[in-house]
Amino acid sequence: MTRFHHKLHEDKQSRELFVEASLEAAESVDSGFDLQDIDALYLGYFSSDMFEKQAHTSALMADWLGINPKPTARIETACASSGVAINIGAMAIASGLYDIVLAGGVEKMRTLNTGEVTDTLAMAADASYEAAYGFTFPGLYAAMASAHFKEHGSSWEELAHISIKNHKNGALNPKAQYQEPIMDIAKKLGERKEMTFKDEFEFLSSSLNPMIASPLRLFDCCPISDGAAAILLASQEVARKYTDSPVQIIGLGQASDTMALHDREDLTSLKATKVASRQAYDMARITPSDVNLACVHDCFTNAEMMATEDLGFFKKGEGGKAAVQGRTNLDGEIPINTDGGLKAKGHPVGATGAAMVYEVFKQLRGEAGEHQVDDAEIALAHNVGAAGATVTVQIYGRT
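Predicted model only: the values in this text are computed from it and were never measured.

K.L.:
Sorry if this is basic, but what is going on with the overall build of the chain here?
P.N.:
Counting secondary structure elements, the chain contains 15 helices and 10 strands. The C-alpha radius of gyration computed for the chain amounts to 20 Å, which stays within 12% of the reference 21 Å derived for 399 residues, consistent with globular compactness. In terms of overall dimensions, the chain has a C-alpha envelope of 55 × 45 × 45 Å along the principal axes. Looking at the chain residue by residue over its 399 residues, the buried ones come to 59%. For the chain, contacts bridging at least 24 residues in sequence account for 74% of all contacts bridging at least 6. On the chain, roughly 15,800 Å² of surface is accessible, and the fraction owed to carbon and sulfur atoms is 50%. Charge-centre separation for the chain: the mean point of 35 positive side chains lies 3 Å from the mean point of 54 negative side chains.

Below you can see the structure in the form of structure tokens.
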């Protein structure tokens with residue numbers, strides 16, 4: 001995985017970012033691996049057409065990786081692009097067609113200004129019934145947050161705790177875009193040397209954290225990012241040739257839902273998350289209580305709150321309260337977004353699902369450094385496309 005960032009990769013194209021991530025993946029294999037051992041490449045990239053005026057990107061990546069004539073395909077399911085790429089790669093191996101697949105994603109977003117990026121991302125919403133009337137994703141998720149507040153008694157204060165937690169986790173992750181806790185950011189902006197938790201909370205409530213789409217403020221939103229992540233998938237027999245400590249996919253699921261929110265039965269939940277997670281739990285033969293940590297799709301803070309409920313970690317209306325109580329902290333009962341999540345780690349759209357698996361892999365091998373969860377054996381990755389029209393859930397186990 002490259003570091004995710006909004007400025008660091010200004011002079012790089014997506015091909016260079018994906019090569020960097022793929023080379024790290026190859027070099028991390030314990031012994032004897034060469035990129036030529038790959039049988040196929042599945043690439044998640046949401047909008048290379050808009051961001052780089054470049055299509056046919058999976059073939060481009062194969063060219064730059066030097067793995068021609070291996071088969072390739074680009075996967076586009078909005079923010080779930082690399083989550084779907086991993087699912088497809090796993091199924092290709094399970095079918096017996098391939099032994100080794102390189103699956104991952106990339107997004108080079110900072111070629112456009114913020115307004116242009118917002119418009120590009122809005123293409124993943126319903127163009128006729130949402131984007132045409134001014135809805136962008138901050139507005140769509142704000143509508144879901146307002147509904148949750150009204151129906152389940154949650155609050156913006158609960159969302160603020162999620163933001164604070166994820167920035168603390170991101171500060172421990174050298175790959176994260178933001179490597180400072182909110183307290184340190186607030187000190188710089190407020191020109192104060194010392195701050196308490198109360199001061200930190202007051203900062204998030206102030207004009208220094210402006211409203212983006214009520215009730216969501218700036219620090220409730222993930223940033224615009226450039227970056228790439230790559231995952232090597234292999235059959236069990238083949239994996240054992242390269243490493244004594246592989247991580248196993250023990251369950252996976254994928255589901256869809258309506259594009260437009262007005263067609264949803266419930267704005268406080270993502271039905272596709274419930275369906276995909278049920279598939280993954282059933283395949284893995286576990287329950288939510290067996291999961292030791294989870295990377296969930298927190299494009300906005302209320303998305304994390306809904307995810308922890310939809311995945312079965314907490315009852316409806318308790319996801320935000322769990323964050324306030326510290327139950328989702330690194331040392332909590334179910335650590336959530338140990339790497340900082342999209343909120344602090346960054347969100348280069350096509351790379352996000354693979355970046356979650358990068359974190360899961362490190363955690364299950366005990367290689368996560370300062371944000372390592374003790375004795376982690378089972379981990380979950382939850383990747384959402386747009387406002388929940390596509391969702392993947394994968395469950396990983398330590399072998």
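K.L.:
I tried to follow the pattern of salt bridges on my own but got confused; where do I start?
P.N.:
Applying the stated criterion across every chain yields a total of 15 salt bridges. Each of Asp30, Lys362, Arg365 and Glu367 takes part in one network of salt bridges that share partners.

K.L.:
Sorry, what's going on with the packing of helix α4 (residues 81-94) against helix α15 (residues 352-364) here?
P.N.:
Between two packed helices, the angle of one axis relative to the other and the distance separating the axes together describe the packing. Where α4 meets α15, the axes come as close as 5 Å, and the angle between the chain directions of the two elements is 65°. By the angle between their directions, the pair α4 and α15 is classed as roughly perpendicular. Every residue of α15 that contacts α4 at Ser82, Gly83 and Ile86 is listed here: Thr352, Gly353, Ala354 and Val357. In the contact of α4 with α15, the residues fall into three nonpolar, four polar and no charged.

K.L.:
Looking at this model, I keep getting lost on the nonpolar core. Mind explaining?
P.N.:
Considering soluble globular proteins, one finds that nonpolar side chains tend to be buried as a cluster. Phe18, Phe137, Tyr141, Phe313 and Leu380 are the most contacted members of the largest nonpolar core, which totals 123 residues. Excluding residues within four positions of it along the chain, Phe18 makes contact with Leu41, Leu43, Met61, Leu65, Leu102, Gly104, Gly105, Val106, Ala228, Ala229 and Ala230.

K.L.:
Looking at this structure, I do not really get the confidence of the model for the chain. What am I missing?
P.N.:
Within the chain, residue pLDDT values average 96, and 98% of them lie at 70 or more. Highest mean pLDDT in the chain belongs to strand β8 (residues 293-295) (99); lowest belongs to helix α8 (residues 182-190) (78).

K.L.:
Would you mind showing me how to read the side chain of His5 here?
P.N.:
Inspection of the secondary structure assignment puts His5 in the segment before α1 (14-28). Take His5: its relative accessible area is 13%, and that puts it in the buried class. In this structure the side chain of His5 is engaged in a polar contact, spanning 3.0 Å, whose partner is the backbone nitrogen of Lys7. Not counting residues within four places of it along the chain, the set of residues in contact with His5 comprises Gln177, Ser225 and Asp226.

K.L.:
Help me understand the sheet that holds strand β1 (residues 40-44), please; the structure alone is not making it clear to me.
P.N.:
Strand-to-strand pairing in sheets goes through backbone hydrogen bonds, with the strands running parallel or antiparallel. The strand order β2-β1-β3-β6 describes an open sheet built from four strands, whose pairing is mixed. In the strand order of this sheet, the two ends are held by β2 (72-75) and β6 (226-234), each with one partner. Neighbour to neighbour, the strand axes of the sheet diverge by 15° on average, direction disregarded. As paired elements, β1 and strand β3 (residues 100-108) share five bridges and run parallel to each other.

K.L.:
When you look at the pairing of β6 in this model, what are you seeing that I'm missing?
P.N.:
Along any regular strand the residues' side chains alternate between the sheet's two faces. Across the nine residues of β6, seven count as buried, placing the element largely inside the fold. The sheet contact formed by β3 and β6 spans nine bridges and is antiparallel. When the bridges of β6 are listed, Val101 appears paired with Leu233.

K.L.:
Would you mind showing me how to read the pairing of β3 here?
P.N.:
Most of β3 is tucked away, with nine of its nine residues classed as buried. Burial of the side chains of β3 extends over both faces: Ile100, Leu102, Gly104, Val106 and Lys108 are buried on one face and Val101, Ala103, Gly105 and Glu107 on the other.

K.L.:
Explain the state of the cysteines to me, please; I cannot follow it from the model alone.
P.N.:
Between two cysteines, a covalent bond joining their sulfur atoms is known as a disulfide. A complete count under the given rule lists zero disulfides for this structure. In this structure Cys221 is a free cysteine whose sulfur lies 7.3 Å from that of Cys222, the closest cysteine sulfur available. Since its relative accessible area comes to 12%, Cys221 is described here as buried. There is no disulfide at Cys222, and the cysteine sulfur nearest it, in Cys299, is 5.9 Å away.

Thresholds, definitions, all that
Residues numbered from 1 in each chain as written. Predicted model: local features only at pLDDT ≥ 70, side-chain atom pairs only at ≥ 80, totals over all residues. Heavy atoms only, no water. Helix = DSSP H or I, 4+ residues; strand = E, 2+ residues; numbered from the N terminus. Rg over C-alpha atoms; globule rule 2.2 N^0.38 Å. Buried < 20%, exposed > 50% of the residue type's maximum accessible area, 1.4 Å probe, protein only. Contact = heavy atoms within 4.5 Å. Areas by Shrake-Rupley, 256 points an atom, 1.4 Å probe, with all protein chains shown as cover. Lys, Arg positive; Asp, Glu negative; His and termini not counted. Charge placed at Lys NZ, Arg CZ, Asp CG, Glu CD. Salt bridge = Lys/Arg side-chain N within 4 Å of Asp/Glu carboxyl O. Axes fitted to C-alpha atoms, helices over the stretch in contact; angles between N-to-C directions. Parallel < 35°, antiparallel > 145°, perpendicular 65-115°, else oblique. Nonpolar A, V, L, I, M, F, W, Y, C, P; charged D, E, K, R; others polar. Core = buried A, V, L, I, M, F, W, Y, C linked by side-chain atoms within 4.5 Å. pLDDT = per-residue confidence, 0-100. Polar contact = N/O pair within 3.5 Å; in protein donor to acceptor, adjacent residues only side chain to side chain. Pairing = 2+ DSSP bridges. Disulfide = S-S within 2.5 Å.

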